[in-house]
Amino acid sequence: MKVLFATSEAAPFIKTGGLGDVCGALPKALAEEGVDARVILPLYTCIDHTLKTQMKFLGSFDVSISWRKTYCGVFTATVGKVIYYFIDNEQYYSRPNVYGEYDDSERFAFFSKAVLDMLNMVDFFPNIIHINDWQTSLLPVYLNAFYRSDSRYASIKTVLSIHNIEFQGKYNPIILGSIFGLDINYRSLLLYDGDINLLKGGIEAADMVTTVSKTYADEILSPEFSFGLHNILHPRKYKLRGVVNGIDTTVFNPATDPHIARNYTYETIRFKSFNKKQLQKEMALEQSNDIPVIGMVTRLASQKGIDLLCEVMNELSGLPMQLIALGTGESHYESFFYSWEHSCRDKVRGYIGFSAEMAQKIYAGADLFLMPSKMEPCGLSQMIAMRYGTIPIVHATGGLKDTVEAFNPVTKTGNGITFQSYNAYDMLDAVKRAIDLFHNKPMWRALRKNAMSGDFSWKKPAQEYIEIYQQLF
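All values derive from a computational prediction rather than experimental measurement.

S.K.: It is not clear to me how the overall build of the chain should be interpreted in this structure. Could you clarify?
M.R.: Helix and strand counts for the chain come out as 22 helices and 18 strands. On C-alpha atoms alone, the chain measures out to a radius of gyration of 23 Å, which is about the 23 Å that the 2.2 N^0.38 rule sets for 473 residues. Oriented by its inertia axes, the alpha-carbon framework of the chain measures out at about 70 × 45 × 40 Å. Within the chain, buried positions represent 61% of all 473 residues. Carbon and sulfur atoms make up 50% of the accessible area of the chain, which amounts to about 18,800 Å² in all. Across the chain, the 47 positively charged side chains and the 50 negatively charged ones have centroids separated by 5 Å.

S.K.: Quick question: what am I supposed to make of the sheet that holds strand β9 (residues 191–192) here?
M.R.: In sheet architecture, strand pairing relies on hydrogen bonds along the backbone and comes in two forms, parallel and antiparallel. The antiparallel open sheet is built from three strands, whose spatial order is β8-β10-β9. Looking at the sheet topology across the chains shown, the edges are occupied by β8 (170–171) and β9. Here β8 runs beside strand β10 (residues 195–197); their pairing, made up of two bridges, is antiparallel. Bridge pairing links Y171 to I196 in β10. Of the strands in this sheet, β8, β9 and β10 touch helix α9 (residues 198–205), which is tilted by about 50° from β10.

S.K.: What should I look at first to understand the side chain of R349 in this one?
M.R.: Here R349 shows up in strand β15 (residues 348–352). For the buried residue R349, which engages in no salt bridge, the nearest side chain bearing the opposite charge is E341, 4.3 Å off. Among the polar contacts made by the side chain of R349, one reaches the main-chain carbonyl oxygen of M283 at a distance of 2.6 Å. Apart from the residues within four sequence positions on either side, R349 is in contact with M283, A284, L285, L323, I324, A325, E341 and C344.

S.K.: Whenever I open this one, the pattern of salt bridges confuses me. Can you help?
M.R.: Any two side chains of opposite charge can pair, given that their charged atoms come close. Counted according to the given criterion, the structure contains 20 salt bridges. Here E204 makes a salt bridge to K200, at a shortest N to O gap of 2.7 Å. Taken together, the residues span about one helical turn, with E204 and K200 both in helix α9 at a distance of four residues. Judged by its relative accessible area of 26%, E204 is partly exposed. Assessed through its relative accessible area of 3%, K200 is described here as buried. K304 serves as the salt-bridge partner of E376, at 3.0 Å between the closest nitrogen and oxygen. Of this pair, E376 sits in the loop between β16 (368–371) and α18 (381–387) while K304 sits in the loop between β13 (293–297) and α14 (306–311), and the two are 72 residues apart along the sequence. With a relative accessible area of 13%, K304 lands in the buried category.

S.K.: Mind showing me how you'd approach the sheet that holds strand β2 (residues 36–42) here?
M.R.: With respect to topology, nine strands assemble into an open sheet ordered β3-β4-β5-β2-β1-β6-β7-β11-β12, the strand pairing being mixed. Looking at the sheet topology across the chains shown, the edges are occupied by β3 (56–65) and β12 (240–242). Averaged over neighbouring strand pairs, the angle between their axes works out to 25° when direction is ignored. For β2 and strand β5 (residues 82–88), the ladder comprises five bridges, and the chain directions are parallel. Along β5, the bridge assignment pairs R38 with I83. Taken strand by strand, α9 contacts β7 (157–162) and β11 (208–211), and its axis lies near 135° from that of β7.

S.K.: Please clarify how the packing of aromatic side chains should be interpreted in this entry.
M.R.: On inspection of all chains with the given rule, the structure shows 21 aromatic pairs. Here the aromatic rings of F13 and F86 are separated by 4.8 Å at their centres, their planes lie at 70°, and the arrangement is edge-to-face. One end of the pair, F13, is in the loop between β1 (2–6) and α1 (18–32); the other, F86, is in strand β5, and 73 residues separate them in sequence. Note on F86: relative accessible area 0%, which makes it buried. Seen in terms of ring centroids, Y363 and F369 are 5.3 Å apart; in terms of plane orientation they differ by 25°. Their pairing is stacked. We note that Y363, like F369, is buried. Among the aromatic residues, those joined into a cluster by ring pairs are Y44, Y92, Y93 and F110. The residue whose ring lies beneath R38 is F124, and the NZ or CZ to ring-centre distance is 3.9 Å. The ring of F146 has K113 lying over it, and the distance from NZ or CZ to the ring centre is 5.6 Å.

S.K.: Where do I start with the packing of helix α20 (residues 424–439) against helix α21 (residues 441–453) in this structure?
M.R.: Angle between the axes and distance between the axes are the two parameters that describe a pair of packed helices. Between α20 and α21, the shortest axis-to-axis distance is 5 Å and the interhelical angle comes to 105°. Taken together, α20 and α21 sit at an angle that is classed as roughly perpendicular. Contacts between α20 and α21 involve A434, L437, F438 and H439 from the former and K441, M443, W444 and L447 from the latter. Of the residues belonging to the contact of α20 with α21, the class tally is six nonpolar, one polar and one charged.

S.K.: Just to check I follow, could you spell out the packing of α1 against helix α22 (residues 459–471) for this structure?
M.R.: Where α1 meets α22, the axes come as close as 9 Å, and the angle between the chain directions of the two elements is 75°. Between α1 and α22, the crossing angle belongs to the class labelled roughly perpendicular. Residue-level inspection shows L26, A29 and L30 of α1 in contact with α22, the latter providing A462, Y465, I466 and Y469. Here the residues of the contact of α1 with α22 are counted per class, giving seven nonpolar, no polar and no charged.

S.K.: Is there a simple way to think about the state of the cysteines in this case?
M.R.: Covalent bonding between the sulfur atoms of two cysteines is what defines a disulfide. Within the structure shown, the criterion is met by zero disulfides. This cysteine, C46, is not joined by any disulfide, and C23 carries the nearest cysteine sulfur, 16 Å off. Its relative accessible area of 33% is what places C46 among the partly exposed residues. The cysteine C72 is free of any disulfide, with C46 supplying the nearest cysteine sulfur at 17 Å.

Rules behind the numbers
Residues numbered from 1 in each chain as written. Predicted model: local features only at pLDDT ≥ 70, side-chain atom pairs only at ≥ 80, totals over all residues. Heavy atoms only, no water. Helix = DSSP H or I, 4+ residues; strand = E, 2+ residues; numbered from the N terminus. Rg over C-alpha atoms; globule rule 2.2 N^0.38 Å. Buried < 20%, exposed > 50% of the residue type's maximum accessible area, 1.4 Å probe, protein only. Areas by Shrake-Rupley, 256 points an atom, 1.4 Å probe, with all protein chains shown as cover. Lys, Arg positive; Asp, Glu negative; His and termini not counted. Charge placed at Lys NZ, Arg CZ, Asp CG, Glu CD. Pairing = 2+ DSSP bridges. Contact = heavy atoms within 4.5 Å. Axes fitted to C-alpha atoms, helices over the stretch in contact; angles between N-to-C directions. Salt bridge = Lys/Arg side-chain N within 4 Å of Asp/Glu carboxyl O. Polar contact = N/O pair within 3.5 Å; in protein donor to acceptor, adjacent residues only side chain to side chain. Phe/Tyr/Trp six-rings, centres within 6.5 Å; stacked < 30°, edge-to-face > 60°. Lys NZ or Arg CZ within 6 Å of the ring centre and 35° of its normal. Parallel < 35°, antiparallel > 145°, perpendicular 65-115°, else oblique. Nonpolar A, V, L, I, M, F, W, Y, C, P; charged D, E, K, R; others polar. Disulfide = S-S within 2.5 Å.

Okay, structure coming up:
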């Protein structure tokens, strides 16, 4: 089986969020199962120079879209068993940012067309092209519009993964021809609610649509979670599947993580306390094993439940705990953490910014990990936290519901603490229950063992994706 992942980002080359993690780890897991899995992404100038030195130039060709004929270079690199291709065009990708440019519509239309043209150059015609989010949603549209008459492209199937349905690629319909190079016959395919909607077009054109958790696949069929696309998804739910993401367990491994103060496993869990004290020391907090540390590594946005913390800040401040939050985002939430830390210096720290090294220190050093997200397509942080023996406190939505089972003190089953309704006081109650469990050492040991015993690798999700691919043959 041959699978090509078309994506706007993929670790280790470029990553701004969960999409980069998935498109870095899933192809690797598929390759371990015997799939010829390859990845193609833009060659951004912001990719680390050391990684660029591993790339080899394969050649170039012109990409034709509408009236434009544009240069396209192709580079390649191999990481483990996975071959990566990179689409080079400095006009589009010599930018300081991956997203948020004024011409994103043109940049990613060019990329989608270039992917299909490149197949001929490298003589790799996959069984499946696995596209991701709106940035590559034009690819199945172009495949059907311009390439199906070529026998080499005729049998290619497409799978679209929706990592976050909130982001859809909406544009003025006037650019249908001038930017996308599509005639009026494709207007109805892409038009939705007055805009060109690239994700909508991808949903219609792709052979299969997946989301990153089973619960999220159900949730996006409702107006509350679909950001308007439930009317498109409902008639097509026959081709909608949910597959829970995994994490790269070789990268997120407390036994080998180079960023933490002391490596450990469940058998040597006593060394976790060393990481906790080092984290407390670095954050200038009281160093004590008896005070539970709650960690957060998050985007500071309302979707992530930060508004709940704002609502019960005073009540949280009165609890016997310390809280360390790492993240950036909306300015008023950044200001909230600055203010909260200033008023509660003995127990709250807001690290405004992002540091992969600090994130690992929080995963390893915290006792509890708070994720009160209003919606969470999958979430990776709760799985990383459990891998490090740090117990998640989550709102039971999306992938959080699929991966975190509420601890039952009678049966001693479950791997975390959950709350069901998106309510600040329900979250506060969950935090209080978590602190009580922390002080009940027999229960705490059972809970932490359950969390660290979970299999959050990509092996099972990879097998589920292979089954999805096989259904399309």
